[in-house]
Amino acid sequence: MKGLILARKYYETYIEQLLTAVPEARGRIAAGLAGEGSQCFGYDDHISQDHDFGPGFCIWLSDADFAAFGGKLQQAYDALPDEFEGFSRKGFIARDRLGVMPMSRFYQQFTSFPDGRPQTMVDWLFIPEAQLAAATNGEIFEDGPGFFSGIREGLLRFYPEDVRRKKIAARAAVMSQAGQYNLLRCIKREDTVAATLALARFTEAAISMAHLLDGRYTPFYKWGFRSLKSLPFGRGFVCHLDRIPELEKSLYERDFVKAHNQAFAITESICKLAVKELHRQGLSIIESDFLQDHLPEIMDGIADDRLRSLPPMLDCQN
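Each chain has its residues counted from 1, following the order in which its sequence is written. In view of the model being predicted, local features appear only for residues whose pLDDT reaches at least 70, and side-chain atom pairs are presented and counted only at 80 or more, with totals across whole chains, interfaces and linings using the full set of residues. As a convention, hydrogens and water are excluded, and side-chain values are obtained from all of the structure's heavy atoms.

Novice: Break down the sheet that holds strand E5 (residues 99–102) for me, with residues and values.
Specialist: Spatial strand order, E5-E2-E1-E6: 4 strands in an open sheet with mixed pairing. Either end of the sheet is taken by a strand with one partner, and the two such strands are E5 and strand E6 (139–143). Geometrically, the sheet is characterised by an average inter-axis angle of 25 degrees between neighbouring strands, direction not taken into account. Any two strands between which DSSP finds at least two bridges are classified as paired. Elements are defined by DSSP. Helices are runs of H or I of four residues or more, strands are runs of E of two residues or more, and each kind is numbered from the N terminus. The sheet contact formed by strand E2 (residues 58–61) and E5 spans 4 bridges and is parallel. Each bridged residue has a counterpart across the sheet, and for Ile 59 the counterpart in E5 is Val 100. We call two residues contacting when some pair of their heavy atoms lies within 4.5 Å. Comment: axis = line fitted to C-alpha atoms, over the contacting stretch for helices; angle = value between 0 and 180 degrees taken between N-to-C directions. The strands that helix H4 (residues 103–111) touches are E2 and E5; relative to E5, the one it contacts most, it runs at about 75 degrees.

Printed below as a string of structure tokens:
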């Protein structure tokens, strides 16, 4: 059973018992499942069930309500049955991911801001994509006050356009440097370790680029490729990235001519798709397939003076 389904069933079965025990919480809570963990993205499988998997859900409160009855509500939550639908709560390690918490703590954890609202463009720029993905994943089962959902909806509207442009410029810089340039040179030098590192940097940047072009936050790195498969534009990268194991096999066998040809085909195919989408979205009109050539135009489209003045490669990590 998927974790989100299990969480909803557990909530639907026991929420009335919980609110009967703490009647002052009725109409005052937001409940659901969101945050860290593969189940919050719907990516969990049987392997995921070896830790931090079981029946449970999150209850988010305002700071005032948490102070007034949060402890009492947590006691009532802890008293709910440990066993449900063949799964147990006893194996949880990261227990603070579930149960009762102030919504300010939840959003502070992922955005650095208790109200989940970055104040400046630079604030937005330096919140990791994976953190924002975790802050906005999962499902909300109920939200009486609406505050938690309001913050969530604001974050789901995605980065301000200037920030998105800045991040796209950074991804273009890494893709061109690591993939279209250094990867091929490392293979020519027969340096398999450096080639592997360049390939990894290109791949991670390409996955992030696709998410940015699709207006979606890139999740934690091990889920980035899986997330890519669900994106309208990003799924076009999948068939090319699926060829990476063939390239790695050639590197392992030290067939560097074959590896060079494979690396060129993979990186150029992906970069050509990226350029086509940059054109479609009006981010660049440059015809070159070398992504580095698009940086000036992407950066020039940034209206915020401070953001535009920052080095293109400043934000090169997800």
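Novice: Could you give me a rundown of the packing of helix H9 (residues 192–214) against helix H13 (residues 256–280), with the residues and numbers involved?
Specialist: Where H9 contacts H13, the axes come no closer than 11 Å and their chain directions differ by 20 degrees. Considering their axes alone, H9 and H13 lie roughly parallel with respect to each other. The way H9 lies across H13 gives a crossing that is left-handed. On H13, the residues touching Thr 192, Phe 202, Ala 206 and Leu 213 of H9 are Phe 256, Thr 267, Ile 270, Cys 271, Glu 277 and Leu 278. Every angle not falling under 35 degrees, over 145, or within 65 to 115 is termed oblique; those three ranges are roughly parallel, roughly antiparallel and roughly perpendicular. If you view the pair so one helix is near and one far, a crossing is left-handed when the near helix is turned anticlockwise from the far one by less than a right angle, and right-handed when it is turned clockwise.

Novice: Any details on the pattern of salt bridges? Residues and values, ideally.
Specialist: Within this document, salt bridges are pairs made up of a side-chain nitrogen of Lys or Arg and a carboxyl oxygen of Asp or Glu, the two lying within 4 Å of each other. As enumerated under the stated definition, the model contains 13 salt bridges in all. The partner of Glu 253 in a salt bridge is Lys 249, with the nearest N and O atoms 2.7 Å apart. For Lys 249, a relative accessible area of 49% gives the class partly exposed. Between Arg 280 and Glu 277 there is a salt bridge, with its nearest N and O atoms 2.8 Å apart. One end of the pair is Arg 280 and the other is Glu 277, both in helix H13 and 3 residues apart, which spans about a single turn. Three exposure classes are used, based on accessible area relative to the maximum for each residue type with a 1.4 Å probe and protein chains only: buried under 20%, partly exposed in between, and exposed over 50%. On the basis of relative accessibility, which here comes to 62%, the residue Arg 280 falls in the exposed class. Residues participating in the shared-partner salt-bridge network are Arg 8, Glu 12 and Glu 139.

Novice: Explain the environment of Pro 128 to me, and be specific about the residues and the numbers.
Specialist: By the secondary structure assignment, Pro 128 is in the loop between helix H5 (121–125) and helix H6 (129–135). Taking the C-alpha atoms as reference, Pro 128 lies 34 Å from Arg 189; in sequence the two are 61 residues apart.

Novice: Can you tell me about unusual backbone geometry, naming the residues and giving the values?
Specialist: Here Glu 85, not a glycine, exhibits a phi torsion of approximately 50 degrees, which is positive. Relative to the elements of secondary structure, Glu 85 occurs in the loop between strand E3 (83–84) and strand E4 (87–88). Relative accessible area serves as the criterion here: at 45%, Glu 85 is assigned to the partly exposed category. A positive phi angle, near 60 degrees, is found at Arg 254, a position not held by glycine. One can find Arg 254 in the loop between helix H12 (244–252) and H13. For Arg 254, a relative accessible area of 48% corresponds to the partly exposed category.

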